[in-house]
Amino acid sequence: MSAYRIGGAIAALALAVLLIIVTVRWAGYSGMVQPTVNVSAKAPTAPTTGQAATNAQASSSAMAILSARTRLQEDEVNKPPAAYPRLAGEPTLAFQPGVPNSAQLARTWQQVGADRELLTPPREIFGLSSLPYRNAGLLEQPEGRDWRKQHNDPLRFGGGWLIFGVGLALALFLAARGRVRIAEGRSDDSIVRFSAIERANHWMTASAFILIALTGLVILYGRPLLLPLIGEGGLGQLAWWSAWLHMGAAVPFVIGIVIMAVLWLRENLITRLDIEWLKQFGGFLHDDPDKPSARRFNAGQKLVFWGVVLGGLAALASGIVLMVPFYWFGFDGMQWVQLLHAVIGLAMVALILGHIYIGTVGMEGAISAMWSGRVDRNWAKEHHDLWYDEVTGDRRRQSATPAE
Amino acid sequence: MEVSSFLTGLAAAVVLTALTIVVYDFSQVTVLENLSLPSVHIGASD
């Protein structure tokens, strides 16, 4: 067994463990919003024998009401508003010392009907604010619950599943298949595949994307994953710099995509050859040198190209909307755009993981195309036979190829 | 030769990122703060 297959097996094991952890935590995630003020049940006065049971019952009911109200996110979706029993006597919720208006808060929380008011269709309440951004005066915005639920539950956990799942699939493929070798071995002769401009642009785009991806992951996962490790101060600094770098690196990333489109778009148009290539999975499942025909870019590379170009432009458009808050959209639109931006980003991370895999450990001879700009002749003949014929002028092979 | 195209691309990405941050004032962008709160949960956070 080759070192690549052993490495793939080890990576698959580690990724499977991570995937299980994400799955278990996702299954146990309630999405419940926890009050930040600690509150507990307490008898309002020194209990006498007769009152003790009443107070205990009232306290228990009060906590049940409070507990139910912290599940409003789920109630809103799953259940109609529930009626809670009226409490006898004074408020029985005790706040930590220093919580302002705690007695009034306790009375409000226990008031019969308050839950119905909270569960009425969302409405916005505006007030006055001196904060220097649009909509700062919006004091109540119930759609925030929906956005937070989507952001914290399916987006975060689904993203974890996607990234670790793609990583696991690639690792399993490496463990089962091993590295895709050059079937006829290296020829000790090479031909030019990418010019210096193409390579420099590729690495500029790649560097910017890696920076965007890492900072985006900090923005999305910093609170649940990094906060316990580096604390609020550390995460605050890291998230602040991540946000700036995330937006700053978008410029070289988009410039790189535009240059790529100019250089490579014509050669990435879909043809019938691509369907056959996909049907045979590029011939990656066996070491036979007779792979499906391809010109300069095969169907797999075209998928990456269009994924990066279209995904990058969609990420740019949604990112600009987020960079100019509330210029085009209100709260509802901004929330959708933020979720869409994150989904596009996670999908692109998964796509690029596959690209990095096949360009490095997954295939012998592939990395040199972008590193030195040259590829082994046997590699070129095997994976891009029609392109090889074009650049070497081998008409004999071209005439034997069926028309597209 | 091999390293030069990689370093050229890396340097271009770094310079353009730095220039963008210097030129554009990102401090006006307060996206997540605006989206997440406030909601009806008084004193609540995620």
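None of these values were measured; they are calculated from a predicted model.

Caption draft 1: Quick look at the overall build of chain B. Counting secondary structure elements, chain B contains two helices and one strand. By the burial criterion, 37% of the 46 residues in chain B qualify as buried.

Caption draft 2: Main features of helix 9 (residues 272-279) of chain A. Residue and element names in this part refer to chain A. Among all positions of helix 9, only L273, D274 and W277 are buried. Buried residues in helix 9, looked at end-on, bunch into an arc of 100 degrees, giving them a common side. Among the exposed residues of helix 9, those oriented more than 90 degrees off its buried face are R272 and K279. Packing partners of the buried residues in helix 9 comprise helix 10 (299-323) and helix 14 (385-392).

Caption draft 3: Up close: the packing of aromatic side chains. Residue and element names in this part refer to chain A. Summed over the entire model, instances satisfying the criterion amount to 15 aromatic pairs over all chains. Where W26 meets F157, the ring centres are 5.8 Å apart and the plane angle is 10 degrees; that geometry is what we call stacked. One end of the pair, W26, is in helix 1 (residues 3-27); the other, F157, is in helix 6 (residues 143-177), with 131 residues separating them in the sequence. Here F194 and W264 contribute two aromatic rings whose centre-to-centre distance is 5.6 Å and whose plane-to-plane angle is 50 degrees, an arrangement assigned as tilted. Placement of the pair is F194 in the loop between strand 6 (190-192) and helix 7 (196-248) and W264 in helix 8 (residues 250-264), with a sequence separation of 70 residues. The pair F194 / W264 is uniform in exposure class, with both members buried. One aromatic cluster is present, built from ring pairs that chain together F173, W277, F281 and F284. A cation over a ring is seen here: R193 above W387, with NZ or CZ 4.8 Å from the ring centre.

Caption draft 4: Main features of the side chain of A:N298. Tracing the backbone through its elements, the reader meets A:N298 in the loop between helix 9 and helix 10. Other than its neighbours up to four places away in sequence, A:N298 contacts A:D274, A:W277 and A:H384.

Caption draft 5: Region of interest: helix 10 of chain A. Taking 1.5 Å per residue as the helical rise, helix 10 of chain A with its 25 residues ought to reach 36 Å, and the 35 Å between its terminal C-alpha atoms agrees with that figure. Where helix 10 of chain A starts, the residue carrying a side-chain oxygen 3.1 Å from the main-chain nitrogen of A:G300 turns out to be A:N298.

Scoring rules and cut-offs
- Residues numbered from 1 in each chain as written.
- Chains lettered and ligands numbered in written order.
- Predicted model: local features only at pLDDT ≥ 70, side-chain atom pairs only at ≥ 80, totals over all residues.
- Heavy atoms only, no water.
- Helix = DSSP H or I, 4+ residues; strand = E, 2+ residues; numbered from the N terminus.
- Buried < 20%, exposed > 50% of the residue type's maximum accessible area, 1.4 Å probe, protein only.
- Arc of directions from axis to C-beta.
- Contact = heavy atoms within 4.5 Å.
- Phe/Tyr/Trp six-rings, centres within 6.5 Å; stacked < 30°, edge-to-face > 60°.
- Lys NZ or Arg CZ within 6 Å of the ring centre and 35° of its normal.
- Expected span 1.5 Å × (residues − 1).
- Polar contact = N/O pair within 3.5 Å; in protein donor to acceptor, adjacent residues only side chain to side chain.

By themselves, these observations are geometric and do not establish any function.
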